[in-house]
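Now for the letters of each chain:
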Amino acid sequence: MINKDQKINKRIFDKDCEQVPIRTGFGQGLLLAGEENEKVVGLCTDLTESTQMHLFRNKFPKRFIQMGIAEQNLASVASGLAAMGKIPFMTSYAMFSPGRNWEQIRTTICYNNVPVKIAGSHAGVSVGPDGGTHQAIEDIALTRVIPRMVVISPCDAIEARKATLEASRTKEPTYIRLAREKTPVITSEETPFEIGKAQVFFDSISRSDLDKEYQGLTLMKSGVTIIATGALVHKALVVAEEFRHKDVGVIVINLSTIKPLDEKTILENVKKTGRVVTVEEHQIAGGMGSAVSEFLAKTFPVPIEFVGVKDEFGQSGKPEELIKYYGMDEVAIKSAVQRVLVRD
Amino acid sequence: MLSDDQIKSLELHANNIRESIIEMLMEAGSGHTAGPLGMADVFTALYFHSLKHDPHNPFWEDRDRFVLSNGHICPVLYATMAHRGYFPVHELLTLRKFGSHLQGHPHREWFPALETSSGPLGSGLSQALGMALADKIDKGESWERFIYCSLGDGELDEGQNWEAIMLAGKEKVGNLIAIVDRNNIQIDGFTEDVMPLEPLNKKWESFNWHVQEIDGHNFEEIIGAIDRAKAVQNQPSVIIARTIPGKGVPMFERKPEWHGKPPSKEEGEKALEILRTLGGRIKGE
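Sequence order as written defines residue numbering, which begins from 1 separately in each chain. Each chain takes a letter, starting from A, and each ligand takes a number, starting from 1, following the order in which they are written. Since the coordinates come from a predicted model, pLDDT governs what is reported: local features require at least 70, and pairs of side-chain atoms require 80 or more to be given and counted, while whole-chain, interface and lining totals use all residues.

Draft legend 1. Examining the overall build of chain B more closely. Counting from the N terminus, the helices are DSSP H or I runs at least four residues long and the strands are E runs at least two residues long. Of the regular secondary structure elements, chain B holds 10 helices and 7 strands. What the globule rule says is 2.2 Å times the number of residues to the power 0.38, and the radius of gyration is computed from C-alpha atoms. In terms of C-alpha radius of gyration, chain B reaches 18 Å, essentially the compact-globule figure of 19 Å for 285 residues. By principal-axis analysis of the C-alpha atoms, chain B measures approximately 50 × 45 × 40 Å. Three exposure classes are used, based on other C-beta atoms lying within 10 Å of a residue's own C-beta, which is placed from the backbone: buried for 20 or more, exposed for 12 or fewer, and partly exposed in between. Taking all 285 residues of chain B together, 52% fall into the buried category.

Structure, rendered in structure tokens:
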């Protein structure tokens, strides 16, 4: 059942559910952040409209720096601005930032400990026709491995807007992962958002289902906790709704902050099912699923199946074709759920 | 114009700093020798004359900012700051040791009076440019402080520098002053063999920078160049300081092999003897 507390979009399962690109939410959030705090500055590498920074640039031209196509300089100039008290937001495609400028981000931003906010747009294979060179499916791994970095992967445009505004209020270096294509609007204005807080969007387990004793804990006979991030949260919800009719209890967690990990929410909800499927548009190696399994392996080891890219590069195609080809669509999530349900 | 007394005083400070550099490196057993000795005069001019700063109030908001991009020459920065009063000189001997605030490459978390952490080459100028842009956003052309950046010449092989040089030219940041240590050596040999940089002045000029070339061991030239750079309003400035790597200790001078190694005990003692007698001109202590 949709968790009513989270006040997510009621039309989530409708065929004509509204669709908005996640990056649009970033652009709106940055504009709000700029209005709220004059220390917010924007830097972009010749991709101002594409990363949606043009809204900020148009309103605050003096606080916008056009960097040209130079991502390494982007990261370190942002660091210098932050050292003087600014709150810089720097944008490019995720492939180039944090891809090309990873060491500058590590040393001049995180090692220096300055509050630079990095927005990586066009992440995931859903960039589509541009092909594999432009499909960042390693960026979560690249950013979450750096000490101090906060990593956020919003599930829709509204959450991206809230995350961007929230990020402008914190002191931590922060990476915000954005996608190009229109994707379903999952949340609503009323959905709570807090950096570092995972949310249970769906829970079809009732108290009476929790009837099996296992390692001193009550587990339901047949259940799974799906932990998803980014736009694929929608597909996870669709699969959960299907399983609801098949006597399989499903919990869906929207893990929009990948670092720091909301260990409490994950543990509480994994203890109810004892089985996990992680879903992300990213390499399985090093991504969100890895973060979850690193935590569960030491605290509550359970069977886990990973939905994501399996050590491959992307290619050209329509976003939906690619999501299917690389095994991240509803069929793939369903099959991962079935696999994890029969594991010992 | 500097008076003779001023010059003599700066020379003495520089000599003390060179002695400290040798002592630190001998004690640490690793680190870079040539670059720090070569830049001792420029750093002395900055910290004992040109920079607006306060050793007793290192976080003074209106201070000039000094960004060390070539982090590996940090012994000269540490020694200069200690002699200028930022911390006790005897702490210099903790260089590169476990728990020391004098990390092998500068880390501002361990030593907060530093403006940045550095070591990975090529990113300091970008950071200094970011600082200069912050003041430009706030103050337009009426900035009250300058942003200095020290760079190595070999470091200019890094492409990121040229991204920063291009952007600084575009943004006309007159409050940014870069100082290049033109000592002609890098780890693998002479710069012009490893990766030719000449004509270096024309390169900067063509990116719309104000360029000066000076003798990096002549205090009048160093300080005069900094004053002229400060007077340039609508262009970033670069001072190409021609220096002798290992300056002050003849056996280390102009030799690429001294780029990245410390003196042995014997070599160090010999070097200290030379420095303490000002090359035999006076009697050592």
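Draft legend 2. Up close: the overall build of chain A. Along the backbone of chain A there are 11 helices and 16 strands. Expected size for 344 residues packed as a compact globule is a radius of gyration near 20 Å; at 20 Å, chain A falls within 12% of this value. Seen through its C-alpha atoms, chain A measures out along the principal axes to roughly 60 × 40 × 35 Å. Each of the 344 residues in chain A was classed as buried or not, and the buried ones make up 60%. The contact criterion used is a C-beta to C-beta distance within 7 Å, with each C-beta placed from the backbone. Contacts spanning at least 24 positions in sequence make up 79% of the contacts within chain A whose residues lie at least 6 apart.

Draft legend 3. Just the sheet that holds strand β15 (residues 276–283) of chain A, in detail. All names here are of chain A. An order of β9-β13-β12-β15-β16 is seen for the 5 strands of this open sheet, with the pairing classed as mixed. Edge positions in the sheet fall to β9 (199–203) and β16 (304–309), since each of these pairs with one other strand and no more. The average angle at which neighbouring strand axes cross in this sheet is 20°, direction not considered. Bridge count between β9 and strand β13 (residues 249–254): 4 bridges; the pairing is antiparallel. Paired with Gln 199 across the two strands is Asn 254, which belongs to β13. Helix axes are fitted to C-alpha atoms over the stretch in contact, other axes to C-alpha atoms as well, and angles between N-to-C directions run from 0 to 180 degrees. Across the sheet, helix α8 (residues 263–271) is in contact with β9, β12 (223–228), β13 and β15; its angle to β13 comes to roughly 170°. Pairing between two strands is assigned when DSSP locates at least 2 bridges connecting them.

Draft legend 4. A look at the domain arrangement of chain A. Residues and elements named next belong to chain A. Residue ranges assigned to the domains are those given by an automatic or database domain assignment. Assigned domains of chain A: these are domain 1 (4–8 + 193–341) and domain 2 (19–184). Residue-level contacts link 32 residues of domain 1 with 32 residues of domain 2. Contributing elements (two or more residues each) for the side of domain 1 that touches domain 2: α7 (233–244), β14 (257–259), β15, α9 (288–299) and α10 (319–325).

Draft legend 5. Seen up close, the interface of chain B and chain A. Facing 22 residues of chain B, the contacting portion of chain A comprises 25 residues. At 10 residues, helix α5 (residues 124–139) of chain B tops the list of elements feeding residues into the side of chain B that touches chain A. Three categories are distinguished: nonpolar for Ala, Val, Leu, Ile, Met, Phe, Trp, Tyr, Cys and Pro, charged for Asp, Glu, Lys and Arg, and polar for the others, with Gly belonging to the last. A per-class count over the side of chain B that touches chain A returns 10 nonpolar, 7 polar and 5 charged.

Draft legend 6. Seen up close, the sheet that holds strand β3 (residues 176–182) of chain B. All names here are of chain B. With parallel pairing, 5 strands are arranged side by side in an open sheet as β1-β2-β3-β7-β6. The sheet terminates laterally at β1 (65–68) and β6 (210–215), the two strands that pair on one side only. Taking each pair of neighbouring strands and ignoring which way they run, the sheet shows an average axis angle of 20°. Bridge analysis of β3 against strand β7 (residues 237–242) gives 6 bridges, and the strand direction is parallel. Considered in β7, the bridge of Arg 182 is made with Arg 242. Each of β1, β2 (147–152) and β3 touches α5; the most contacted strand, β2, lies at about 170° to it.

Draft legend 7. A look at the packing of helix α3 (residues 40–50) of chain B against helix α9 (residues 219–231) of chain B. Residue and element names in this part refer to chain B. Here α3 crosses α9 at 60°, and the two axes come no closer than 10 Å. By the angle class used here, α3 and α9 are oblique. Between α3 and α9 lies a crossing whose hand is right-handed. Note on element contacts: α9 touches α3 through Phe 219, Ile 222, Ile 223 and Ile 226, opposite Asp 41, Val 42, Ala 45, His 49 and Ser 50. Among the residues making up the contact of α3 with α9, the classes are represented as 6 nonpolar, 2 polar and 1 charged. By the definition adopted for this analysis, an angle is roughly parallel if under 35 degrees, roughly antiparallel if over 145, roughly perpendicular if from 65 to 115, and oblique otherwise. In this scheme, a crossing is called left-handed if the near helix is turned counterclockwise away from the far one by less than a right angle; it is called right-handed if the turn is clockwise.

Draft legend 8. Region of the structure containing the pairing of strand β2 (residues 40–44) of chain A. All names here are of chain A. Summarising burial for β2: 5 of the 5 residues are buried, a large majority. Sheet topology note: the β2/strand β4 (residues 87–93) ladder contains 5 bridges and is parallel. Note that in β4 the partner of Leu 43 across the bridge is Met 90. In this fold, β2 hands off to helix α2 (residues 54–59), which returns the chain to strand β3 (residues 64–66); that crossover is right-handed. By the criterion used throughout, a crossover qualifies as right-handed when its path from the first strand across the helix to the second strand runs clockwise, the strands pointing away from the viewer.

Draft legend 9. Summary view of the pairing of β13 of chain A. Residue and element names in this part refer to chain A. The buried fraction of β13 amounts to 6 of the 6 residues, a majority that puts the element mostly inside the structure. Burial along β13 is two-sided: Gly 249, Ile 251 and Ile 253 facing one way and Val 250, Val 252 and Asn 254 facing the other are all buried. The pairing of β12 with β13 spans 6 bridges and is parallel. Each bridged residue has a counterpart across the sheet, and for Ile 227 the counterpart in β13 is Ile 253.

Draft legend 10. Inspection of the nonpolar core at higher detail. Ala 78, Ile 226, Ala 236, Val 252 and Val 277 of chain A together with Leu 129 and Ile 239 of chain B are the most contacted members of the largest nonpolar core, which has 187 residues in total. At 8 residues, the largest contribution of residues to this core is made by helix α1 (residues 4–28) of chain B. Mapping this core onto the domain boundaries places at least three of its residues in each of domain 1 (4–8 + 193–341) and domain 2 (19–184) of chain A. Sequence-distant contacts of Ile 239 of chain B, defined by excluding residues within four places in its chain, comprise Ile 177, Ile 179, Gln 212, Ile 214, Ala 225, Ile 226 and Ala 229 of chain B. A set of buried residues qualifies as a nonpolar core if it consists of Ala, Val, Leu, Ile, Met, Phe, Trp, Tyr and Cys joined through C-beta atoms within 7 Å.

Draft legend 11. Representation of helix α10 (residues 265–276) of chain B within the structure. All names here are of chain B. An expected span of 1.5 Å times one less than the residue number is assigned to each helix. Between its first and last C-alpha atoms α10 spans 16 Å; for 12 residues at 1.5 Å apiece the expected length is 16 Å, and the two agree. Every buried residue of α10 is accounted for by Ala 271, Ile 274 and Leu 275. An end-on view of α10 places all buried positions within 95° of arc, on one side of the element. Looking at α10, the residues exposed on the side facing more than 90 degrees away from the buried face are Lys 265, Glu 266 and Glu 273. Looking at the packing, one finds that the buried side of α10 touches α1. Backbone geometry just after α10 places Leu 278 at a positive phi near 50°. The arc in question is the one spanned by the directions pointing from the helix axis to the C-beta atoms.

Draft legend 12. Up close: the environment of Leu 129 of chain B. Of note, Leu 129 of chain B is situated in helix α5. Between the C-alpha atom of Leu 129 of chain B and that of Leu 272 of chain B, which follows or precedes it by 143 residues, the distance is 38 Å. Residues within four places of Leu 129 of chain B in sequence aside, it is in contact with Val 77 and Gly 80 of chain A together with Ala 164, Leu 167, Ala 168, Val 173 and Leu 176 of chain B.

Draft legend 13. Inspection of unusual backbone geometry at higher detail. All names here are of chain A. Geometrically, the link from Lys 259 to Pro 260 is a cis peptide bond, its omega value of 0° lying close to zero. If you trace the backbone, Pro 260 turns up in the loop between β14 and α8. Its identity as a non-glycine residue notwithstanding, Asn 113 has a phi of 60°, on the positive side. For His 122, which is not glycine, the phi torsion reads 55° and is therefore positive.

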